[in-house]
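The primary structure of each chain is shown beneath.
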Amino acid sequence: MSVNLADYEQGKPFNGDYDKALVQLQKRLAHLLVAYIVYRRKAIILFEGPDSSGKSGIIQRLVTGWDPRHFRVWPIGVPTEEEKAHHFLWRFWTKMPGNGEVAIFDRSWYGRVLVERVDKLASDEEWQRSYDEINAFESLQCENGTRLIKIFCHISDKTQDERFKRRLMHPWKHMKIGPADFHARDERDEYKKAFLDMFDQCNMHWAPWHIIDANNKQTARIQALGLIADELEKNLPTAPPPLDPEIVLLAKEKLGIDLGE
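So, a few notes on the structure that sits alongside this text. Note that the structure is a prediction, hence the values are computed from the model and not measured.

Conventions adopted
- Residues numbered from 1 in each chain as written.
- Predicted model: local features only at pLDDT ≥ 70, side-chain atom pairs only at ≥ 80, totals over all residues.
- Heavy atoms only, no water.
- Phe/Tyr/Trp six-rings, centres within 6.5 Å; stacked < 30°, edge-to-face > 60°.
- Buried < 20%, exposed > 50% of the residue type's maximum accessible area, 1.4 Å probe, protein only.
- Helix = DSSP H or I, 4+ residues; strand = E, 2+ residues; numbered from the N terminus.
- Expected span 1.5 Å × (residues − 1).
- 1 Å grid on protein atoms, 1.4 Å probe; cavity = no way out; pocket = protein on both sides within 12 Å on 5 of 7 lines; lining within 4 Å.
- Points joined across faces, edges and corners; volume = space filled by probe spheres on them.
- Arc of directions from axis to C-beta.
- Contact = heavy atoms within 4.5 Å.
- Patch = residues over 30% accessible without salt bridge, like charges linked within 9 Å, V, L, I, M, F, W, Y side chains within 5 Å.
- Areas by Shrake-Rupley, 256 points an atom, 1.4 Å probe, with all protein chains shown as cover.
- Salt bridge = Lys/Arg side-chain N within 4 Å of Asp/Glu carboxyl O.
- Lys, Arg positive; Asp, Glu negative; His and termini not counted.
- Charge placed at Lys NZ, Arg CZ, Asp CG, Glu CD.

This paragraph deals with the packing of aromatic side chains. Throughout the structure, instances matching the rule amount to 15 aromatic pairs. Where Phe14 meets Tyr18, the ring centres are 6.4 Å apart and the plane angle is 75 degrees; that geometry is what we call edge-to-face. Tyr18 gets classed as buried once you look at its relative accessible area, which sits at 11%. The interplanar angle of 65 degrees and the centroid separation of 4.8 Å between the aromatic rings of Phe152 and Phe195 together place this pair among those described as edge-to-face. With Phe152 in strand β4 (residues 146-154) and Phe195 in helix α9 (residues 188-201), this residue pair connects regions lying 43 residues apart in the sequence. Each of the two residues, Phe152 as well as Phe195, counts as buried. Cluster of aromatic residues (ring-pair linked, three or more members): Tyr110, Phe152, Tyr191, Phe195, Phe199 and Trp209.

So, in structure tokens, the structure goes:
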């Protein structure tokens, strides 16, 4: 996958009524989750991207209107000592969705070839072989009937600095900035190399990368939610399921409603 990240730094304003478009997408997504529950489908929605690229904001708007019993958001951070004692993918197996569920990852197993590579938390041999391990892991999920959607939110260096400044000046948001964010900022060039290698090595037809220009938050949110809706709809039955005959009889008996017509 040949990528020039500069192509995703335009930050064009959203052309339209943002609030209306957002509500329409959220209604569509709410319907899709019900379809996943009814037809016992499962999906993984994975977000990667630089700090302050808007991943959490997209996730917040994605799950609005969703039944909390059927989705789970997994914020992925530093592995525990127990997790470090196992293969790097070990901690993700128990987070895979079951039938009628959607698992959302705010960062993911790609940390192995991103932060662990850049900060030398994994040896060169370890992170280099991880591309094949990740591809095999994702292939297994897809072969098991899981819809896998991978979204990368990209922002320019200038946009990131501006967002850092706004967060630091906000009394309720400055805690979102820590030393690790400044460290990652110092390693921007190394991260960009890691991003490009990730796209090149892990853009498989069963699990392609979708890169979003996230320099304008409204545009990025609408694009991401629309993309997710389109992907969730693929190969999904469009007709509602038939009513349970027992429910038809009970409705007629208890409520006087004839649902058999």
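Moving on, there is more to tell.
The subject of this paragraph is helix α7 (residues 157-169). When the terminal C-alpha atoms of α7 are compared, their 19 Å separation across 13 residues agrees well with the 18 Å that a helix rising 1.5 Å per residue should span. Within the span of α7, buried status applies to Thr159, Gln160, Asp161, Arg163, Phe164 and Arg167.

The subject of this paragraph is empty space enclosed by the protein. Overall, the coordinates contain 1 cavity of 30 Å³ or more when judged by the stated rule. For the largest cavity, the calculated volume is near 30 Å³. Forming the walls of the largest cavity are Ser53, Gly54, Ile58, Ala214, Lys217, Ala220 and Arg221. It is helix α10 (residues 217-233) that provides the largest number of residues to the lining of the largest cavity, a total of 3 residues.

Quick look at α9 now. For α9, which comprises 14 residues, the first-to-last C-alpha distance of 20 Å matches the rise-based estimate of 20 Å (1.5 Å per residue) to within 8%. By the burial criterion, the buried members of α9 are Arg188, Tyr191, Ala194, Phe195, Met198 and Phe199. Along the long axis of α9, the arc covered by the buried residues comes to 135 degrees, so they all point the same way. For α9, the elements touching its buried residues are α5 (115-118), α6 (124-143), β4, α7, α8 (179-186) and β5 (209-213).

Among the surface-exposed residues, Arg166, Lys173, Lys176 and Lys217 lie close enough to one another that they form a single positively charged patch. Looking at the element boundaries, Lys173 is found in the loop between α7 and α8. On the basis of relative accessibility, which here comes to 39%, the residue Lys173 falls in the partly exposed class.

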